[in-house]
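Summary of the model geometry
Chain by chain, the residues:
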Amino acid sequence: MCLNTRLLIITVVLCLLVPAVSFADGQPADDLPDGLVVSREPLASGDSHLSIVTLSVRPGSTVSLLYMEQRHPFASVVLFVGGLGIIGLNPDEFPGAPVNFLLRTRGLFFDHNFTVAVIDAPSDVATLSDPPTLDNYRFTPEHAQDVGGVVRFLRSESRAPVWLVGTSAGTRSVAFVTSQLQGREAPDGIVLTSTVVAGNRSVYMKANLAAIRVPTLIVHHKQDGCSVTHFVDLAA
């Protein structure tokens, strides 16, 4: 299945599942929590809809987003990349030639009228994991707290529903935090692509799937070649 086909499936199902939202007055549903937004910096590329938003959710830590804003989005999506999970967002130099599926196709979500937020590793990732990767952090209360802050930010920007979308190792994050978050910090739905289903860090081992009560879309390639995302290991 090519990337465009996979994205088309995700987009169509999201359009079917997300509730209808009225934008008659254009006002945000939620107030922005005091002190949540540290900065909002435009990218050096000059694209008006692109910026890096830095949030302060936990004391002594920040989390940055590559933010692609639609004025009246159908929904907002938070994209969780796989691998190490560290993008290294910088307003002066965006990472070149991204190989991650979601990072590479972020513009296609935007073109379908989604506000897009690609979440980076937190500033204190080195203190949460050694070596500094998201492997351990993905299953921590701190991660759930950070993502809850991102959801609150998006709800202050628009009344559109908020969905979390993860690929490969990013599915660990999406499944775990969704099982933890409640109220206005919880997403309205989630999408898992190339879910990690093998090993002691699979979503089955680390996330309380029974606690996930929102619409969930699972997209998986029958010929997925990754050792921890084999289709044959996907539970029915």
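On a predicted model such as this, the values are computed, not experimentally measured, just so you know. (Residues numbered from 1 in each chain as written. Predicted model: local features only at pLDDT ≥ 70, side-chain atom pairs only at ≥ 80, totals over all residues. Heavy atoms only, no water.)

1. Observations regarding the pattern of salt bridges
Note the threshold: Here, a salt bridge means any side-chain nitrogen of Lys or Arg that lies within 4 Å of a carboxyl oxygen of Asp or Glu. The way it works is that DSSP assigns letters per residue, a run of H or I at least four long becomes a helix, a run of E at least two long becomes a strand, and they are numbered from the N terminus. Three exposure classes are used, based on accessible area relative to the maximum for each residue type with a 1.4 Å probe and protein chains only: buried under 20%, partly exposed in between, and exposed over 50%.
Evaluated as defined, the whole model comprises six salt bridges. The partner of Arg40 in a salt bridge is Glu157, and the shortest N-O contact between them spans 3.1 Å. Of this pair, Arg40 sits in strand E1 (residues 37–42) while Glu157 sits in helix H5 (residues 141–157), and the two are 117 residues apart along the sequence. Residue classification places Glu157 among the partly exposed positions, given a relative accessible area of 26%. For Asp188, the salt bridge identified is with Arg155, shortest N-O distance 3.1 Å. Taken together, the residues Asp188 in the loop between helix H6 (170–180) and strand E7 (189–193) and Arg155 in helix H5 connect sequence positions 33 residues apart. For Asp188, a relative accessible area of 27% puts it in the partly exposed group. Taking relative accessible area as the criterion, Arg155 reaches 5% and is therefore assigned buried. Salt bridges sharing common partners tie together Arg40, Glu69 and Glu157.

2. Examining the side chain of Ser61
Going by this rule: Contact criterion: two residues are considered in contact whenever any of their non-hydrogen atoms come within 4.5 Å of each other.
Along the polypeptide, Ser61 turns up in the loop between strand E2 (50–55) and strand E3 (63–68). On the basis of relative accessible area, Ser61 is assigned to the buried category, the value being 5%. Once you skip the residues sitting within four places of it in the chain, Ser61 turns out to touch Leu55, Ser56, Pro122, Ser123 and Asp124.

3. Some remarks on unusual backbone geometry
Glycine aside, residues mostly have negative phi, and peptide bonds are mostly found in the trans state. One non-glycine residue, Asn113, lies in positive phi territory at about 70 degrees. Its place among the elements puts Asn113 in the loop between helix H3 (106–111) and strand E5 (114–119).

4. Digging into the sheet that holds E1
Applicable threshold: DSSP-based pairing: two strands are paired if at least 2 bridges between them are found. Whenever a helix is involved, its axis is fitted only over the stretch in contact; in every case the axis is a line through C-alpha atoms, and angles between N-to-C directions fall within 0 to 180 degrees.
Taken together, eight strands build an open sheet; the order of strands is E1-E2-E3-E5-E4-E6-E7-E8 and the sheet is mixed. Across the chains shown, the open sheet's two edge strands, defined by having one partner strand only, are E1 and strand E8 (216–219). The sheet shows a mean angle of 20 degrees between the axes of neighbouring strands, direction not considered. Where strand E4 (residues 75–80) lies against E5, five bridges are found, and the strand directions are parallel. Pairing of Val78 across the sheet is with Ala117, part of E5. Taken strand by strand, H5 contacts E1, E2, E3, E4, E5 and strand E6 (162–167), and its axis lies near 35 degrees from that of E3. Sitting on the sheet, H6 touches E4, E6 and E7, and the angle it makes with E6 is about 145 degrees.

5. Topic: the confidence of the model for the protein chain
Keep this limit in mind: One confidence number per residue, pLDDT, is output by the predictor and ranges from 0 to 100.
On average, residues of the protein chain score 77 in pLDDT, and 65% of them are at 70 or above. Helix H7 (residues 203–206) is the least confidently modelled element of the protein chain, averaging 57 in pLDDT, while H5 averages 95, the highest of any element. Low confidence marks residues 20–26, where pLDDT is under 50. Its contacts with residues over four positions away, or in another chain, come to 12 contacts.

6. What to know about the packing of aromatic side chains
The criterion, for reference: We call Phe, Tyr and Trp rings a pair once their centres come within 6.5 Å, taking the six-membered ring for Trp, and we label the pair stacked below 30 degrees between planes, edge-to-face above 60, and tilted otherwise.
Evaluated as defined, the whole model comprises three aromatic pairs. For the ring pair Phe109 and Phe114, a centre distance of 6.3 Å and an interplane angle of 75 degrees mean the geometry is edge-to-face.

7. With respect to the environment of Thr178
How we decide: Pairing of N or O atoms within 3.5 Å defines a polar contact, subject to two protein rules: one partner must be a possible hydrogen donor and the other a possible acceptor, and residues neighboring in sequence count only if both atoms are side-chain atoms.
By secondary structure assignment, the location of Thr178 is in helix H6. The class of Thr178 is buried, set by a relative accessible area of 5%. For the pair Thr178 and Leu209, spaced 31 residues apart in sequence, the C-alpha separation works out to 8.8 Å. For Thr178, the side chain forms a polar contact with the main-chain oxygen of Val174, separated by 2.6 Å.

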